[in-house]
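Geometric and topological summary
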Amino acid sequence: MEPFNLQLSASSSTSLRSSLMENLYRNRCFSLLFVLSLHILAVSSLYHRFSPIDNYLIDCGSSDKVTVDVNNRRFTGDSVKSDSLFLCGTRTISIRDSNPDPSLSPIYHTARVFTKPSKYEFEIRDKGTHAVRFHFHHLNSSNYDAGDALFHVSVNGFLVLSNFTGYDSENPRIKEYLIWVDAEKVVIRFIPSTRSKFAFVNAIEVISAPKDLIADTALFVNGDSVENFDGLTKQALEVMYRVNVGGPKVTPFNDSLWRTWIPDEEFLKFSEGSSRVYTSGRIRYQEGGASREVCPDNVYNSARVISSSTATVLNYNITWGFDVVEGHKYLVRMHFCDIASIAIGLLYFNVYVDGHLVYADLDLSYITGGLSSPFYADFVVNGGNSGVLTVSVGPSNNSFPHAVDAILNGVEIMKLNNTMGSLDGEVSMEQVLKNWPRGNVGVLVALFASVCLLLAASVLVHRRKVGVKNSVAWSPLPMDIKKGDLKSNNQFSCGKVESS
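Residues numbered from 1 in each chain as written. Predicted model: local features only at pLDDT ≥ 70, side-chain atom pairs only at ≥ 80, totals over all residues. Heavy atoms only, no water.

In this section: the nonpolar core. Ranked by internal contacts, the top residues of the largest apolar core, which has 52 residues, are M334, F336, F349, F379 and V393. Among the elements that take part in this core, strand β27 (residues 375-382) stands out by supplying 5 residues, more than any other. Not counting residues within four places of it along the chain, the set of residues in contact with M334 comprises V351, V353, F375, Y376, A377, F379, V391, S392, V393, L408 and G410. Listed in part, the 39 residues of the second largest apolar core include Y56, C60, F151 and I204. (Core = buried A, V, L, I, M, F, W, Y, C linked by side-chain atoms within 4.5 Å. Buried < 20%, exposed > 50% of the residue type's maximum accessible area, 1.4 Å probe, protein only. Helix = DSSP H or I, 4+ residues; strand = E, 2+ residues; numbered from the N terminus. Contact = heavy atoms within 4.5 Å.)

What follows is the structure, encoded as structure tokens:
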């Protein structure tokens, strides 16, 4: 396969003067100094906090005007008024945990339960990519059995969850999606799988994303070829993995988009010859390059590297593996920031996605113009039969001895919707709605006809008893009554919100 020549895109990057990295530490254990530096970076980043134009934080099932979560974010209850500002449904129920876990965020102490198809609607002022997050956690309720939760969820027509239970033992579950919105509203629908099941949600976030979060073009790794993949922003994306390579867990409090980044140890497949590095120095973001909203300082200031301390360059790759499902494409975003080299022009390495060489002799300083300046690369790949998607970095033919020979700071894996507009299975939202029982219209017609027949028979018997000679003129109810002639429940009409 012909690897992508990175230098072709270098002319579009701003040339910055080279600079030496400051305060670099190499150690397999994180020192107290590093922890303190993370705290300083976290506090300073608050002054650069992204402020989304659309920012809906909904505490579902709560009647509290404001609920402050563990990250100091202010959620609004969807039961503040008798009729919800956002919720439309048919007699949805709010429940409160009878024995809440005090260690959990307050947003998991209440939930909204749906026994029929219902929806939330959020008016949009800033069209473009929006982050949509759902929070799920089981509640102790005498009215609802956790085993009866089974439902579908859609966002603006994309089916994001299918036959979902919402439960994961004792831990809350957060499902995150990036959805392109060019309509006036974001419409989120909850549909129980059957009439005997119910849907629920603890909290919802709908947030307009920064314009540079998702680029419209990525590199499509298709077997032995690498080509452009256009139209990425119009795809629905589900965040599957967000990994801080070589560093600790990054909580939403330390991320300008309130994301969580987990350590990479559980995903490492091969790490012989690698080590972790970190810096307390400043990350030098460039205009037109990676921003704090794309990836925070706390990811770029740590990394896993391969380095040679002798005259021989190590012949090892670092490899990470991620479980995926067949039938979907995946966006692989790899984050790079050279915090380990002592000068520019010393780091050259190869990048592999799913076993294919995608970048040969990657030279970060040529792209960014200096050290500690972040860069990310997007690839789209097919979910293969193996069920595991791998990414690797390793030395190239141009790597130097006595130098850093490969580096990676972070990885994100996102699932793309399939041809049916689904992120969860081979079923579309249209099929889900079509299969939902729309009420016993046939039973109602038969019952109505039976009542009419009984009334007519009663009249005839009565007239015979009183000796009426002329029979009552009567014609039977036609059996071809249209559905529209009978009053039925509107599946998505705004309805009463109840509390239990």
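Turning to the sheet that holds strand β8 (residues 118-123), a few remarks are in order. Strand order in the open sheet made by the 5 strands is β5-β8-β13-β10-β11, with antiparallel pairing throughout. The outermost strands of the open sheet, each flanked by one partner alone, are β5 (87-88) and β11 (158-164). Note: strand β10 (residues 151-155) against strand β13 (residues 185-192), 5 bridges, orientation antiparallel. Residue S154 lies in a different strand from β13, and its bridge partner there is R189. (Pairing = 2+ DSSP bridges.)

Okay, the pattern of salt bridges next. The tally for this structure, following the rule as stated, stands at 18 salt bridges. When the shortest N-O distance is used, the salt bridge between E412 and R242 registers 3.1 Å. One end of the pair, E412, is in strand β30 (residues 410-416); the other, R242, is in strand β18 (residues 237-244), and 170 residues separate them in sequence. We classify E412 as buried; its relative accessible area is 2%. For R242, a relative accessible area of 6% translates into the label buried. Across the salt bridge formed by R292 and D297, the nearest N and O atoms sit 2.8 Å from each other. (Salt bridge = Lys/Arg side-chain N within 4 Å of Asp/Glu carboxyl O.)

For the rest of this paragraph, the subject is the pairing of strand β24 (residues 329-336). The buried fraction of β24 is high, at 7 of 8 residues. The pairing of β24 with β27 spans 8 bridges and is classified as antiparallel. The partner of M334 across the bridge, within β27, is A377. Both β24 and β30 contribute to a ladder of 6 bridges, which runs antiparallel. Looking at the pairing, M334 lines up with V411 of β30.

Here we come to the packing of aromatic side chains. Scanning all chains against the criterion turns up 26 aromatic pairs. Pairing F336 with F375 gives two aromatic rings, centres 6.2 Å apart and planes at 25°, and the pair type is stacked. Of this pair, F336 sits in strand β24 while F375 sits in strand β27; the two residues are 39 residues apart in sequence, bridging distant segments of the chain. Look at F336 and you get buried, because its relative accessible area is 0%. Taking the relative accessible area as the measure of exposure, F375 reaches 14% and is therefore buried. Three or more aromatic residues link up through ring pairs in this structure, and these residues are Y56, F86, F114, Y120, F122, F134, F136, F151, F164, Y177, F190 and F200. One residue, K234, lies across the ring of W180, its end atom 4.3 Å from the ring centre. (Phe/Tyr/Trp six-rings, centres within 6.5 Å; stacked < 30°, edge-to-face > 60°. Lys NZ or Arg CZ within 6 Å of the ring centre and 35° of its normal.)

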